[in-house]
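This is what each chain is made of:
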Amino acid sequence: MGQRLTVLVIDHLLSDAAELVDTLSQEGCKVFCPDHANEIIHPFHLEHIDLLCLNPYTQYQSGWQTIVNIKDAARLKAIPILFLCDNNDASMQESCMLEGCFDILIKPFRYRQIAFKINAVAEFRAMQKTLSTQRDEMIMHNEKVLYDHHLAKIVYENITHSNCLNDAALSHFHYGSHTFNGDVILAAYKPSGGMHVVLGDFTGQGLSAAIGALPLADIFFDWTERGFLLKQIILEVNDRLKDILPPNMFCSAAFVDINPNNDGIEIWNGGLPDLLYFSSANKLPKRFKSKNIPLGILSSDVIDYQIDHALFTPGDRLLMFSDGVHEAVDLMGRMFCDAILHPLYKGEMAVDHAVDWLIQQLQQEEILENPHDDMSCIGVRLDVNIGMEVAKRKSLPDYYEVPADFSFEYVLGADSLRSTDPLPYLLQILTTVPGLNHFSSQIFMILSELYSNALEHGVLNLSSNKKSSHDGFSQYYEERKIRLAELKMGYIKFSARVVSDTSQRLLILSVEDSGDGFDFANLNYNLSCSELLYNRGLALLNRLCSKLEFSNGGRVVTAHYQW
Amino acid sequence: MPFFPEGIILIKSSLEKKTGCLTISVIGRFDYTCHKAFKEAFGGVTATCYEVDLSETLYLDSSALGMLLLLRDNAGGEKATVRLLSPNRTVMEVLNMANFGLLFNIVE
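Since we're looking at a predicted model, the values are computed, not measured.

1. Some thoughts on the state of the cysteines
Stage number 1. In total, this model carries 1 disulfide over all chains according to the counting rule given.
Stage number 2. What pairs with C21 of chain B in a disulfide is C49 of chain B, and their sulfur atoms sit 2.4 Å apart. Here the disulfide of C21 of chain B and C49 of chain B is left-handed, its torsion about the S-S bond being about -125°. With C21 of chain B in strand β2 (residues 21-30) and C49 of chain B in strand β3 (residues 49-53), this residue pair connects regions lying 28 residues apart in the sequence.
Stage number 3. On the accessibility criterion, C21 of chain B (9% relative accessible area) is buried.
Stage number 4. Not engaged in a disulfide, the cysteine C33 of chain A finds its nearest cysteine sulfur in C53 of chain A; these two sulfurs lie 9.8 Å apart.

Here it is, written out as structure tokens:
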């Protein structure tokens, strides 16, 4: 064992030193025995030394100082020291042990004693070398991981942060338990005004959880901007996550579609704690529980898409949070949902400050200091102007507009009406017109009002009277779903014509349905008339369009839009 | 993550030879720390039916839901019958929130 060791022997008693050098050499050690003080702490020696045999009474310099010098020079490398002591010097032996020596060699030396100790030192050095190699590898590895995380975090934030979370209607918090957060909060304005909001919570925490947020954010922002409906976005996200995530990973999420155009919200909850809806009319918040399987588990063709509808009055509030908040544990060991959150569930607090209040509770219960799970929350103050300002603020184009002149017809029969949402495609064609692309939100609003009127009142023959109460609103959409699923006959025909040149910029859009038509002579466009709340779609259309015409007994509506 | 008294998390599994039914029992907290043990409990086992006994499970988190999905996948996915037995109230709430009743046969 001993042959691998390089030993430095320091003893002013030359005969003792010579004896030790002899023995160590016989044991296979490479031995240095300096006879001058300067040689002792020569860095070259220290770097290669595995063991120091030292007489504390050495005359070269104080033995203790020698230790300090050697330890300094060797830095992290802890060189074991064998002190050379006289048999009868008990107090010195005690001091040596206190100084952190590896062992003591008692004089007079005995060969076997030295051999045993050298073997022990050799084993110690081998172990020490393995450990320090492993430590260096770990440090390198950790630095590489941190660097990779740093880069990935930049990409992650670029993708997930391009949203409108700073809108005055929203307040939120987002605490991660790792560098990467498995919770994700996204909000995006819709082209027609209004907003889509999502809170997602991926299985687990850290990088593996955050990775699924990338396709979610990508689809959410892209498809919202292109005018897709919430349902289409959710199903697409679901299928994408199902394809890419391993079977034990999924995403619990809540999606909210805010429609200032009809004062309605749509809520899809798959796996998140109840969403709380606070209105001035009721003390207790309405709870929207999870009715869906989380995203990424089943493919979209077998899932049952369940949403809740609600009508809002400005000032109503919606609050949602991830299970990290719901299941956070207070100082007494109780889950938040069983204790701390009660004032919220019972409507016993100022909901305006609900998000701040939650942060305060998490602080008070010392959860933020050491979070076990990602925690996030978003509150929405519902209002009719959400996302409307932004749509309006889009300024007029100041570049030369290329002339356009085209028309097309697009007819959907019963089979297509059941399964297709034609609006994004129509919007895409119409917004290829230079200049008109700046008004995509207005075009979408016109398209969607004309289409939903033609589908719901024309083809499906639903009466809008049903929508006049909160309960009726839900019934209406239930009925709409049933009738659409059973639709066997009927059609909707879109006819569009665009003329854009130096003298005029005009879109003429006609929508014809196969329904019974309606008595358009008595139509009331008055926005202030609350009795006809659900004619508001038409009232808004009337204001957006330069001309709105009805023909063929109310089966055809033609909108003229100029820009 | 709620606090429960520290205890040994135990995953036990038994394959009933006659019926070919594999039963996995999770005793204690069912979370990511049991990942390996739970996977080993059904890995390489061919069974005709699968049961997870949750009667002594104190709590389960989303990683545990993921492990149940993994078991379901392993058992044949949409064609598989996996029964979850006797969950306590807390566990039931977590299962309900994720609407796992649509994926598993939950026997209360």
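2. Points about the side chain of S252 of chain A
All names here are of chain A.
Stage number 1. Within the secondary structure, S252 is located in strand β9 (residues 251-259).
Stage number 2. Overall, the relative accessible area of 8% leaves S252 in the buried class.
Stage number 3. Residues within four places of S252 in sequence aside, it is in contact with L199, G200, D201, G270, G271, L272 and P294.

3. Quick word on the pattern of salt bridges
Residues and elements named next belong to chain A.
Stage number 1. Overall, the coordinates contain 24 salt bridges over all chains when judged by the stated rule.
Stage number 2. Two residues, D405 and R497, come together in a salt bridge whose shortest N-O distance is 3.5 Å. Taken together, the residues span a long stretch of sequence, with D405 in strand β16 (residues 404-413) and R497 in strand β17 (residues 491-500) at a distance of 92 residues.
Stage number 3. In this structure D405 comes out as exposed when scored by relative accessible area, which is 56%.

4. Quick notes on helix α9 (residues 230-244) of chain A
All names here are of chain A.
Stage number 1. Its 15 residues place the ends of α9 21 Å apart at the C-alpha level, agreeing with the 21 Å of an ideal helix rising 1.5 Å per residue.
Stage number 2. Where α9 is concerned, the buried positions are L230, Q232, I233, I234, L235, V237, N238 and L241.
Stage number 3. Looking at the buried residues of α9, the elements they touch are β8 (195-202), α8 (213-225), β9, β10 (264-270) and α15 (423-430).

5. Structural notes on the confidence of the model for chain B
Stage number 1. Within chain B, residue pLDDT values average 87, and 92% of them lie at 70 or more.
Stage number 2. Mean pLDDT per element in chain B: strand β1 (residues 10-16) of chain B is the minimum at 88, and strand β5 (residues 82-85) of chain B is the maximum at 95.

6. Structural notes on the interface of chain A and chain B
Stage number 1. Between chain A and chain B, the contact holds 22 residues from the first and 24 residues from the second.
Stage number 2. Summing the contributions of chain A and of chain B, the shared interface buries around 1,900 Å²; its carbon and sulfur component is 65%.
Stage number 3. Three residues, P247, N248 and E327 of chain A, lead the burial of chain A against chain B; their summed loss comes to 24% of the area buried on that side.
Stage number 4. Summed over the shared surface of chain A and chain B, the result is 0 salt bridges.
Stage number 5. Between the two partners, chain A and chain B, sit 5 residue pairs in polar contact (both at pLDDT 80 or more).
Stage number 6. A breakdown of the residues in the side of chain A that touches chain B according to their chemical character gives 10 nonpolar, 9 polar and 3 charged.

7. Description of the sheet that holds strand β20 (residues 556-562) of chain A
Strands pair in a sheet through their backbones, by hydrogen bonds, and they do so in one of two ways: parallel or antiparallel.
Residues and elements named next belong to chain A.
Stage number 1. The sheet built from 5 strands is open, its strands ordered β16-β17-β18-β20-β19 with antiparallel pairing. Each edge of the open sheet carries a strand with a single partner, namely β16 and β19 (547-551). The sheet shows a mean angle of 10° between the axes of neighbouring strands, direction not considered.
Stage number 2. Sheet strands touched by α15: β16, β17 and β18 (505-513). Its angle to β16, the strand with the most contacts, is close to 170°.

8. Description of the sheet that holds strand β13 (residues 308-311) of chain A
All names here are of chain A.
Stage number 1. Within the open sheet, the 5 strands sit side by side as β7-β8-β9-β10-β13. Their pairing is antiparallel. Two strands close off the open sheet at either side, each with one partner strand: β7 (183-189) and β13. Strand-to-strand twist of the sheet, defined as the mean angle between neighbouring strand axes without regard to direction, takes the value 15°.
Stage number 2. Bridging between β8 and β9 involves 8 bridges; their strand directions are antiparallel. Considered in β9, the bridge of L199 is made with A254.

9. Observations concerning α8 of chain A
Residue and element names in this part refer to chain A.
Stage number 1. Under the 1.5 Å per step criterion, the end-to-end length of α8 is 18 Å for 13 residues, consistent within 8% with the ideal 18 Å.
Stage number 2. Every buried residue belonging to α8 is among A213, P215, L216, A217, I219, F220, F221, W223 and T224, and all of these are buried.
Stage number 3. Elements in contact with the buried residues of α8: α6 (111-160), β7, β8, α7 (207-210), α9 and β9.
Stage number 4. Positive phi shows up at G227, right after α8, with a value of about 85°.

10. As for the side chain of K117 of chain A
Stage number 1. You can see K117 of chain A is positioned in helix α6.
Stage number 2. The contacts of K117 of chain A, once residues within four sequence positions are left out, are L82, D103, I104 and L105 of chain A.

11. Brief notes about the pairing of β13 of chain A
Residue and element names in this part refer to chain A.
Stage number 1. In β13, alternate side chains face the same way, and those of D308 and A310 on one face and H309 and L311 on the other are all buried.
Stage number 2. Direction of pairing for β10 relative to β13: antiparallel, over a ladder of 4 bridges. Bridge pairing in β13 places G264 opposite L311.

12. Examining the packing of α8 of chain A against α9 of chain A
Residue and element names in this part refer to chain A.
Stage number 1. Contact pair α8 / α9: the axes reach a minimum separation of 10 Å and the direction vectors enclose 155°. On the basis of the axis angle, α8 is roughly antiparallel to α9. The interaxial crossing formed by α8 with α9 has right-handed handedness. The segment α8 lies against α9, with P215, L216, I219, F220, W223 and T224 engaging Q232, I233, E236, V237, R240, L241 and I244.
Stage number 2. Here the contact of α8 with α9 is composed, by residue class, of 9 nonpolar, 2 polar and 2 charged.

13. Quick notes on the packing of aromatic side chains
Stage number 1. Following the criterion strictly, the structure yields 16 aromatic pairs over all chains and no others.
Stage number 2. Above the plane of the ring of Y345 of chain A lies R287 of chain A, whose end atom (NZ or CZ) is 4.1 Å from the centre.

Conventions and cut-offs
Residues numbered from 1 in each chain as written. Chains lettered and ligands numbered in written order. Predicted model: local features only at pLDDT ≥ 70, side-chain atom pairs only at ≥ 80, totals over all residues. Heavy atoms only, no water. Disulfide = S-S within 2.5 Å. Helix = DSSP H or I, 4+ residues; strand = E, 2+ residues; numbered from the N terminus. Buried < 20%, exposed > 50% of the residue type's maximum accessible area, 1.4 Å probe, protein only. Contact = heavy atoms within 4.5 Å. Salt bridge = Lys/Arg side-chain N within 4 Å of Asp/Glu carboxyl O. Expected span 1.5 Å × (residues − 1). pLDDT = per-residue confidence, 0-100. Buried area = accessible area lost by both parts, 1.4 Å probe. Polar contact = N/O pair within 3.5 Å; in protein donor to acceptor, adjacent residues only side chain to side chain. Nonpolar A, V, L, I, M, F, W, Y, C, P; charged D, E, K, R; others polar. Pairing = 2+ DSSP bridges. Axes fitted to C-alpha atoms, helices over the stretch in contact; angles between N-to-C directions. Parallel < 35°, antiparallel > 145°, perpendicular 65-115°, else oblique. Left-handed = near helix turned anticlockwise from the far one by under 90°. Phe/Tyr/Trp six-rings, centres within 6.5 Å; stacked < 30°, edge-to-face > 60°. Lys NZ or Arg CZ within 6 Å of the ring centre and 35° of its normal.

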